Every structure is written in C-alpha cells, then in structure tokens.
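Read off the chains here:
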Amino acid sequence: MSTDSETGYDPTLGNKFIFVTGGVMSGLGKGITAASTGRLLKNAGFDVTAVKVDPYLNVDAGTMNPFQHGEVYVLKDGGEVDLDLGNYERFLDIDMTSDHNVTTGKAYKHVIEKERAGDYLGKTVQVIPHVTDDIKRRIREAAKGTDVCIVEIGGTVGDIEGMPYLEALRQFAHEESEDDLLFVHVTLVPYSKNGEQKTKPTQHSVKELRSIGLQPDVLVGRADDKLDPETKEKIALFCDVPTKAVFSNPDVEDIYHVPLMVEEEGLDEYVMDQLGLFSRALPKRERDNSWRNIVTRDREGEVDIALVGKYDLEDAYMSVHESLKHAGLDQRVDVNVVWVDADELAADGEDSEHFQRLAQCDGVVVPGGFGSRGTEGKIAAVKYARENDVPFLGLCLGFQMAVVEYARNVLGFEGAHSAEMDADTPHPVIDILPEQYEVTDMGGTMRLGAHETDIESGTVAARLYGGDSCTERHRHRYEVNPEYFEDFEDSDMVFSGTAGNRMEILELDGHPYFFGTQFHPEFRSRPGRASPPFVGLVEAVVEQQRDVDSETETEEVEA
Ligand code: GLN
C-alpha cells in the first residue's frame, strides 16, 4: 500500500480539483478553456491555481525547439516550462513555480533517483504505484493553500504517454471525496459536409476514457459555433452526463473573450455547483468584473508592429504577442503584429519583400533567440529603426543585437559581434557570462528566472517602471562584455538598468523610443498590467501617429 508521504494525500487540505483532459485531437484550446474557467472562479472570490501535466520525457521544456513546441515560458523561480503556464499566469494573474509543470521526465527522474538511493527497500519499482504516486504527490503539493486547483493533462486521451496520468487520476477519484473532484473533457465537434455537428468523435473519446475507469462530469465541445441543442442532447445521452453538463466553446476572435463566453454558457456556475462551492462564492453583484472591463475596452486606433524573428509561428513568440496586446489595451489601440522574417532580411537586405513590410510598420520588436541564423537580419532591423526614428524594443537577443549594431555602425568597431554567433570576432561586445565557462549540460543551466535590476533616475526606464528598480525574468548565457563598457560611456547608448556589473537595460538618447532589455519583460505582462517596456513602445508609436495627424491637419488648414 502506498503511504501518504508518497501520494501526498491529506484529507485536511480541503482543496478542490478540476481535471481537464482532451479528446479527438490536440490543439483544441483546452488550456484556454481551463484557464478561462479558473478566471471565472477567481472572479467569484476563490484562490485558484493550476498544474500543467506534460507527458513527455524531457524534464522541462528548456531544451525544446520553439518551432515544435512554441516558446519556452520562464517562471520567476527560473523554471523553463510549457507555454500553457503563461496562459494560466495571464488569465489567473498569479505567479507559478516549476512545481506547477509536472512532466514524465521529472516523475521518472525522481523515482529512479529514489530507487538508486535504496528508498524503496527492496521493492520492485513500477509505473503503478510508484510513478503514479509521484504524479499525485506533485499535483497535491502544487495545490496546497488554494481553494481550487485546475490540472490540465497535455496530449489527447488514448496517447500511450498519457496513460500513467489517467491512471493517477483514476486513483485520485478513489482516494478523495467525490465532491472535491470534477472531470472535464474537452473534445472537437466537427461538421459534416452538409453543416451538421457530428458527435461520434466525442463519443469515441469518452468511451476511451471510460475504458480506463474515468467518467467525465462535464463535456465541452469545441466547434466553430455554439453546439445545437440536439448536439448537446446526443452527447449527453451517449456519454452519460446530464444535458446541462454539456457546454459549447465556439471560436472567438480573442482568447481573452473566452471567459466571457464560458460565463455566458454557465460553465462556471455548473462547476461551482458540482464542487459544492456555491455557499462560499461571492454574491453575483460583488464579483470581480475587472476582467470584462479590461478586455472589452474601447480602442481608438491601430498600430502595426514588426516582429523580426526566425520562426514563422505565432506560438514561438506567444508571450511577446500577448504583451503587445496588453500594451494595446493600456494605450487603447489595437496592435497588429506583422511577421518579418529575419532570414530574408539577412539574405536580400533592403530589396526583400520583408524589408518592405518592416518599412511599413510603426514600430519594431526584435525578440529573444539562440544561434546565428537570422542575426544579420535582426541587426539590419535594429539599424533601420535606429536611423529612421522608428520606435524599437529589443528583448534579450534583441538587446544584444542592438549593442552589436551600435558598436559596428556608430562606435566603428568593425566586425563586432556576440561571441555566441562568431567565436573569432575581433570585438566580442557580447560575451559569455563568466559563470557559464564550465557549463556543459544544456538543461536548466542558463542565467534563469527573476533577478533585480537597478534603474538610473531620470531615464526612460525610470519613468516607465516608476521607480529605481525592477524585477524581471531572465534566460540567457551571454551579456554585454565589461571590457567594452568604457567605449559606450560617452555615446548616446545609455545603460539605464544594471545589476552589479551586468548591463540589463539600454536606451538611446535623442531617439523617440529605442529600448532594450537583457531580461524578458514579456513573461510578467498581464492583460490589466501591461509590461512597462511594451507600454513605452506602443505609447511612442501612438505619439508619432498623433504628431503626423496634427501636422496633416495644420497643412490642410493652411492650404
Ligand atoms: N542567445 C542569447 C544568450 O544566450 C540570448 C538569449 C535569449 O534571447 N533568450 O544570451
């Protein structure tokens, strides 16, 4: 029999758990559905947290290619995790830790280490119960101290990798009181050629769940439109749930509107009712309505921001996209993100179609990245923004490339580069962090997580952050080389944020907005609390648009 120290079971904790599984296919947006439900519970006054389970053998997402898995999201404790955690942080407005991302790699690593230490006292170590116990313990640990914990199981029901997790959920149902658990299954409801909503894939997926001993309490159907009443009835009948437990989650133009849609469907009320939370929920009129007010704000214009990167995949820069959206909400404008391929800029320079795109934008962002592919294109984009007074924001690698561009083209250091891209550069203005010299393992070894930056008064950084320090998240191995500090001293490039000997923020005197950060401010941006460097960018663009408008008006009056 497993002991409580292994499974983490403690009846006095009193948490409620919502387990979210997905059926039919991946990429259905079950994370957004789960985060939206969580947001509504938060609006009703509950302390909500989340756990994302990723059934892969990587210990964390840090070593994964963004083109396959989307961006690596960084937590304050330095955890490199799946991008879904970013959605939970943004929707629930919480700061999570690495413990909130359970992976097969973490569970197996721990169990095998315990086995090697002899902790299993001669037992045969097996997936059931040892790995499943470890999974349950991790989920319970992460839920501690909150009212409701949403646990999203990555992948699709039926995947071999997901089996130990579903088994762990079955054991959960066996150990905890029925009132404390809710199983939500999110599936795809496709349309037939004649426009009919088809429920068979959902039926099959639920059948699969039931064969492992799990009966869903709630079914959410993802479709282009709302589910027809007949569709709901059919799903209810075949999947053995009440019709009122079947919910629609149609496509909406903006993910931040999903909580509003889910509320309209009554999913939150049903969940609270099932979990016996109603008596503890805030009365309706006291609910926190800030989310609705923030995401439905009137916007008075639009701006086009170029995102100069190497992956033509929105998910690879998800937090940058979201941060730009937040800054737009703050400045009351819609932000259109225009993809500019750094590789094309590098290859064809000003003749490329992508340079034309860049030139039509109102502002430029050069995000983080690794490796040399596309860097010359990023440097070209920095140069264009610097010389043409176009508002610019450089993030991590983007910050480093701004330093390289300035060193080459303004300070006259021919061939200046980052030692990451060119080990033989005559001017390594960006060099490896001293503590990285001996590092050979790639997993979890960068300078990671939240670190404080001191901000110089009277600078743009001081105005944007409203104080003399900020704490932002990092993920890098390279930095501005201290040997070149002196060369920048009398230039227009000002390092307005530092952490000891590390340069953390740069800005350019005399430019409308030229701002770079060695850290990644995009990981702390929230819909209602936009990140200061992003606000600065959008604000500068809006100001330039206003100036152009008033000039045109004056010309019209004069003419
Ligand atoms: N590759 C650069 C470094 O390691 C930048 C990292 C990043 O953009 N996250 O320092």
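Described in the following lines is the structure provided in the data block. Quick caveat: nothing in here was measured; it's all calculated off a predicted structure. Residue numbers restart at each chain and count upward from 1, following the sequence in its written direction. A pLDDT threshold of at least 70 governs which residues receive local features in this predicted model, and a stricter bar of 80 or more applies before side-chain atom pairs are shown or counted, although totals over entire chains, interfaces and linings include all residues. By convention in this description, side-chain values take in all heavy atoms of the structure and omit both hydrogens and water.

Turning our attention to the packing of helix α2 (residues 30-43) against helix α4 (residues 84-92). Between α2 and α4, whose axes approach to 9 Å, the crossing angle comes to 25 degrees. One way to sum up the angle between α2 and α4 is to call them roughly parallel. The crossing of α2 and α4 is right-handed. Contacts between α2 and α4 pair G31, I32, A34, A35, S36, G38, R39 and K42 from the former with D84, N87, Y88, F91 and L92 from the latter. Lines are fitted to the C-alpha atoms to define the axes, a helix being fitted only along its stretch in contact, and any angle between axes, read from their N-to-C directions, falls within 0 to 180 degrees. Helical segments are the DSSP runs of H or I of at least four residues, strand segments are the runs of E of at least two, and each set is numbered from the N terminus. An angle below 35 degrees is treated as roughly parallel, one above 145 as roughly antiparallel, one from 65 to 115 as roughly perpendicular, and anything else as oblique. When the near helix sits turned anticlockwise from the far one by under a right angle, the crossing is termed left-handed; a clockwise turn instead gives a right-handed crossing. By definition in these notes, contact holds between two residues if any of their heavy atoms fall within 4.5 Å.

Moving on to the sheet that holds strand β17 (residues 469-476). Paired strands, in this sense, are two strands between which DSSP finds at least two bridges. If you walk across this open sheet you meet the nine strands as β11-β10-β12-β13-β21-β20-β19-β16-β17, and the pairing is mixed. Only two strands of the sheet have a single partner each, and these edge strands are β11 (333-341) and β17. The average angle at which neighbouring strand axes cross in this sheet is 25 degrees, direction not considered. As paired elements, strand β12 (residues 363-366) and strand β13 (residues 392-395) share three bridges and run parallel to each other. By the bridge assignment, V366 is partnered in β13 with G394.

Moving on, we come to helix α8 (residues 200-211). Counted at 1.5 Å a residue, the expected span for α8 with its twelve residues is 16 Å, and the 16 Å between its end C-alpha atoms agrees. Only protein chains enter the accessibility calculation, which uses a 1.4 Å probe. A residue is then buried if its area is under 20% of the maximum for its type, exposed if over 50%, and partly exposed in between. Within α8, burial applies to T202, Q203, S205, V206 and L209. Buried positions in α8, seen along its axis, are confined to an arc of 165 degrees and lie on one side of it. Set apart from the buried face of α8 by more than 90 degrees, the exposed residues are K207 and S211. Buried residues belonging to α8 abut β1 (16-22), β7 (181-188), β8 (218-222) and α9 (229-239). After α8 finishes, the residue G213 shows a positive phi value of roughly 95 degrees. Expected span of a helix: the number of residues minus one, times 1.5 Å. It is the directions from the helix axis to the C-beta atoms whose arc is reported.

Within the secondary structure, H417 is located in strand β14 (residues 416-418). Within 3.5 Å is the distance limit for a polar contact, defined as a pair of N or O atoms, with the added protein rule that one can donate a hydrogen and the other accept it, and that residues adjacent in sequence qualify only through two side-chain atoms. Side chain to side chain, H417 and E376 meet in a polar contact 3.4 Å long. Here H417 is in contact with T375, E376, I379, M401, V404, R408, D422, T425, H427, P428, V429 and I430, once residues within four sequence places are set aside.

Moving on, we come to the sheet that holds β1. As summarised here, the arrangement of the seven strands in space is β5-β2-β6-β1-β7-β8-β9, forming an open sheet in which the pairing is parallel. Edge positions in the sheet fall to β5 (101-103) and β9 (246-248), since each of these pairs with one other strand and no more. Pairs of neighbouring strands in the sheet enclose a mean axial angle of 20 degrees, with direction left out of account. As judged from the six bridges shared by β1 and β7, these two strands associate in the parallel manner. Each bridged residue has a counterpart across the sheet, and for I18 the counterpart in β7 is L182. The sheet strands contacting helix α11 (residues 267-274) are β1, β7, β8 and β9, and the helix crosses β8 at an angle near 160 degrees.

With that settled, the discussion passes to the site of the ligand. With respect to spatial proximity, the complete set of residues near the ligand consists of G368, G369, F370, C396, L397, Q400, E420, R475, H476, R477, Y478 and H520. One of the backbone N or O atoms of G369 is found 2.9 Å from an oxygen atom in the ligand. The side chain of E420 places a nitrogen or oxygen atom 2.7 Å from a nitrogen atom of the ligand. Only the protein chains shown count as cover for residues, with accessible areas throughout obtained via the Shrake-Rupley method and a probe of 1.4 Å. With the chains in place, 99% of the 290 Å² that the ligand exposes on its own is no longer accessible. Throughout this document, a residue counts as near a molecule or strand when at least one of its heavy atoms sits within 4 Å of that molecule or strand.

The next subject is the packing of aromatic side chains. To describe a pair of aromatic rings, one takes the distance between the centres and the angle between the planes. The rule is short: rings of Phe, Tyr and Trp, with Trp giving its six-membered ring, pair when the centres are within 6.5 Å, and they are stacked under 30 degrees, edge-to-face over 60, tilted in between. One pass over the structure, following the stated rule, counts 19 aromatic pairs. The interplanar angle of 35 degrees and the centroid separation of 6.3 Å between the aromatic rings of Y311 and Y317 together place this pair among those described as tilted. Summarising the burial analysis for this pair, Y311 and Y317 share the class buried. Centre to centre, the rings of Y406 and F488 are 6.2 Å apart; their planes meet at 25 degrees, and the pair counts as stacked. In this pair, Y406 sits in helix α17 (residues 397-409) while F488 sits in helix α19 (residues 485-489), placing the two residues 82 residues apart along the sequence. Both residues of the pair, Y406 and F488, count as buried. One aromatic cluster in this structure is built from F17, F19, F172 and F183. Directly above the ring of F172 sits R140, whose terminal nitrogen or CZ lies 4.3 Å from the centroid. Should the NZ of a Lys or the CZ of an Arg lie within 6 Å of a ring centre and within 35 degrees of the ring normal, that charge is described as sitting over the ring. The ring centre of Y256 lies 4.4 Å from the NZ or CZ of K325, which sits over that ring.

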